[in-house]
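In case you want the letters, here they are:
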Amino acid sequence: MALLRSEGIVLRTYALGDTSRIVVVFMRDLGMVRLVAKGARKTPQRFGYALEPMSHGRYVFYHKPDRDLQLLSQADTLNPIGSKLADLARLAHAQATAELIDRLVWGEEPHPELFDLLGQVLDAMTRAPIAALPALTIAFELQVASLLGYRPRLDACAGCGAALSPRRLFSPARGGLVCDRCAAAEPGTIQLSADALAGLALLLSRPVEQAGQFVEVKRAGEIQRVVETFLMHHFQRFRGLRSLELLRSMPGTALDEDLGPSS
Ligand SMILES: [Zn+2]
């Protein structure tokens, strides 16, 4: 058994018995680690904010390679991001990013680029204008998919490499825009509006924190649905972002608009 230490971001926590807590932490050097924090429910002040969802902290723990749960020894808060998410929309979007990592990544395998991206997007979410939150979440989804080897192709047909259909046809299964011929052979193809395609291309091409400066990406709801359908095709454990469901039913969150043209 080794004593390890790593920076991490808390994705979620749940109770273990009456006094302890299980904390799922995405670690910069180790990937996904599930920690048992003994006594954390009895004396929560011992760990400060370090075990709160979305907190960025430094964790010291006893590690056994074949074990599902590792024993936490010490936790220090580096950035209590969760405590800076002052309203419902910010909290929901930040939870959605944590949820995405939780669904798409598993196992103790380091992925520092993904970790840094999560840190950047969470930090941006504490400061971005509310209207820019959907753009931040979508940019994050696209860039996580890209880092995991599923970057959507927008420059030529994702099926055969031919010239694209002028009808802006996106195939979630093929992983990008397609030509008319491939679209005819692919029943799940979605026709994008011009605004949605422009937004998709923009969010895919810029650093994620810049998305927080695009106060409004047109048709964010349409883009969000296309991206989620795409992710569901390629990541079995992903079933859509539940954290955003409440926001979708509320007006004025830029996710409640119509679906747009689809076929
Ligand atoms: Zn094609």
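I will try to describe carefully the structure that is included in this document. Everything numeric in this text was worked out from a predicted model, so none of it was measured.

### Some details on the layout of surface pockets
Of the pockets and cavities examined, the largest pocket occupies roughly 180 Å³. In terms of lining, the largest pocket is formed by Leu 11, Arg 12, Thr 13, Pro 53, Met 54, Gln 95, Ala 98, Glu 99, Asp 102, Arg 103, Arg 242 and Ser 243. Elements supplying a minimum of two residues to the lining of the largest pocket: strand E1 (2–16) and helix H1 (88–104). No other element matches the five residues that H1 contributes to the lining of the largest pocket. Grouping the amino acids of the lining of the largest pocket by side-chain chemistry returns four nonpolar, three polar and five charged.

### Re the coordination of the zinc ion
Looking at the zinc ion, one finds its protein donor set to be Cys 157 (SG), Cys 160 (SG), Cys 179 (SG) and Cys 182 (SG), positioned 2.2 to 2.4 Å from the metal centre. All donor residues of the zinc ion come from one chain, and their arrangement in sequence is C-x2-C-x18-C-x2-C. Pair noted here: Cys 160 is in the loop between helix H3 (133–147) and strand E6 (169–171) and Cys 179 is in the loop between strand E7 (176–177) and helix H4 (180–184), with a separation of 19 residues, a long-range link. Look at Cys 160 and you get partly exposed, because its relative accessible area is 41%. Here Cys 179 falls in the buried class, since its relative accessible area comes to 7%.

### A closer look at the packing of aromatic side chains
Summed over all chains, the structure comprises three aromatic pairs. For the ring pair Phe 26 and Phe 115, a centre distance of 6.2 Å and an interplane angle of 45° mean the geometry is tilted. Placement of Phe 26 in strand E2 (residues 20–27) and of Phe 115 in helix H2 (residues 112–127) is noted, with a sequence separation of 89 residues between them. A relative accessible area of 0% places Phe 26 in the buried class. Measuring from ring centre to ring centre gives 5.1 Å for Tyr 150 and Phe 235, while their planes differ by 70°; the resulting arrangement is edge-to-face. Separated by 85 residues along the polypeptide, Tyr 150 in the loop between H3 and E6 and Phe 235 in the loop between helix H6 (220–234) and helix H7 (245–248) bring together distant segments of the chain.

### Observations regarding the pairing of E2
Summarising burial for E2: seven of the eight residues are buried, a large majority. One ladder, built from eight bridges, connects E1 with E2; its direction is antiparallel. Paired with Arg 12 across the bridge in E2 is Val 24. Taken together, E1 and the strand that follows it, E2, pair antiparallel across an intervening segment of three residues, in which Gly 17 is found at a positive phi of about 65°. Judged from the seven bridges that link them, E2 and strand E3 (residues 31–37) form a sheet pairing that is antiparallel. Bridge pairing in E3 links Met 27 to Gly 31. Hairpin remark: E2 followed by E3, antiparallel, with three residues in the connecting loop.

Parameters at a glance
- Residues numbered from 1 in each chain as written.
- Predicted model: local features only at pLDDT ≥ 70, side-chain atom pairs only at ≥ 80, totals over all residues.
- Heavy atoms only, no water.
- 1 Å grid on protein atoms, 1.4 Å probe; cavity = no way out; pocket = protein on both sides within 12 Å on 5 of 7 lines; lining within 4 Å.
- Points joined across faces, edges and corners; volume = space filled by probe spheres on them.
- Helix = DSSP H or I, 4+ residues; strand = E, 2+ residues; numbered from the N terminus.
- Nonpolar A, V, L, I, M, F, W, Y, C, P; charged D, E, K, R; others polar.
- Donors = N, O, S within 2.8 Å, 3.2 Å for Na, K, Ca; no water.
- Buried < 20%, exposed > 50% of the residue type's maximum accessible area, 1.4 Å probe, protein only.
- Phe/Tyr/Trp six-rings, centres within 6.5 Å; stacked < 30°, edge-to-face > 60°.
- Pairing = 2+ DSSP bridges.

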